[in-house]
Amino acid sequence: AGWAARLLAKNGLAVTLQNGLDNLPVLVEAVGASHAAVGVTYNAATLLGPGMVRHVVSLPTYLSLAAQPAGAAPTQLEALAGLLNRAGLTAQVSDDVEGRLWGKAVANAAINPLTALWRVTNGKLLARPERRRLLAALACEAAAVAHARGIALPFAEPVAYVESVCEATAANRSSMLQDVERGRPTEIDSISGIIAAEGARLGVATPLTEAVWRLVQAL
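What comes next concerns the included structure. Computed from a predicted model, the values in this text were never measured in an experiment.

### Quick word on the pattern of salt bridges
In step 1: Across all of its chains, the model carries seven salt bridges by this definition.
In step 2: Between Arg-184 and Asp-179 there is a salt bridge; the shortest N-O distance is 2.7 Å.
In step 3: Look at the salt bridges and you will find they share partners, linking Glu-98, Arg-149, Glu-198 and Arg-201 into a network.

The structure is reproduced here in structure tokens:
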């Protein structure tokens, strides 16, 4: 692609902060490992219209290079983290964000499909026992796949973690809900689809994850 060629020519760096578990490999294929980085952000926002965004939740962002030569300082990534911090968006460079990527995916796999299917804000997933049970089951399936992969998640109890995310982002309309409302493609394949595929590969049952994956696809 033309943008990739320009990036390579100028020794640039492309960073993905998207939800999902398969964004970095796609980026590496486009620009090469030495020009790619991945991040996990816990910020949340609602798109109100062209050029108008409501910043709902302000939490840290973690950044990591796809490939880093031994002893080399990630100067470009440090510069990006500095820009984000000066803008009031807390950010830091991390040696390994895989655990955080999967940790966020556990929350995304539980929260995003249900908010998209029921057209509710994150906090309303806790409003009824039936909703909480489905939320918990999805969180446990995703966490089981992560554990089977040998991922060290940044929390001990997936259900408690996901419920705490719902409470902290109670007013947020998830990105998947916003996409469904606007008739846009969703992130469901990169979240629930990847978790279901990894579960099948590793022998971990993920029936609810696969069900919501197909239900959101059908929207």
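### Here we look at the sheet that holds strand β1 (residues 14-16)
In step 1: Here four strands make up an open sheet; going across it, the order is β1-β2-β5-β6 and the pairing mixed. The open sheet terminates on both sides in strands that have one partner only, identified here as β1 and β6 (91-93). Taken pair by pair, the neighbouring strands of this sheet meet at an average axis angle of 25°, ignoring direction.
In step 2: Both strand β5 (residues 61-65) and β6 contribute to a ladder of three bridges, which runs parallel. Within β6, the residue paired with Thr-61 across the bridge is Ala-91.
In step 3: Against the sheet, helix α3 (residues 75-86) touches β1, β2 (36-41), β5 and β6, its axis set at about 165° to β6.

### Comments concerning the pairing of strand β3 (residues 44-49)
In step 1: Where β3 and strand β4 (residues 52-57) come together, five bridges link them in antiparallel fashion. Each residue of the ladder has a partner; that of Ala-44, found in β4, is Val-57.
In step 2: Between the antiparallel neighbours β3 and β4 lie two residues, among them Gly-51 with a positive phi of about 70°.

### Some words on the packing of helix α4 (residues 98-118) against helix α5 (residues 129-148)
In step 1: Running from amino to carboxyl end, α4 crosses α5 at an angle of 145°, the nearest separation of the two axes being 9 Å. Between α4 and α5 lies a crossing whose hand is right-handed. Facing Trp-102, Val-106, Ala-109, Ala-110, Ile-111, Leu-114 and Trp-118 of α4, the residues of α5 in contact are Arg-131, Leu-134, Leu-135, Leu-138, Ala-139, Ala-142, Ala-143, Val-145 and Ala-146.
In step 2: The residue inventory of the contact of α4 with α5, partitioned by class, reads 15 nonpolar, no polar and one charged.

Conventions and cut-offs
Residues numbered from 1 in each chain as written. Predicted model: local features only at pLDDT ≥ 70, side-chain atom pairs only at ≥ 80, totals over all residues. Heavy atoms only, no water. Salt bridge = Lys/Arg side-chain N within 4 Å of Asp/Glu carboxyl O. Pairing = 2+ DSSP bridges. Helix = DSSP H or I, 4+ residues; strand = E, 2+ residues; numbered from the N terminus. Axes fitted to C-alpha atoms, helices over the stretch in contact; angles between N-to-C directions. Contact = heavy atoms within 4.5 Å. Left-handed = near helix turned anticlockwise from the far one by under 90°. Nonpolar A, V, L, I, M, F, W, Y, C, P; charged D, E, K, R; others polar.

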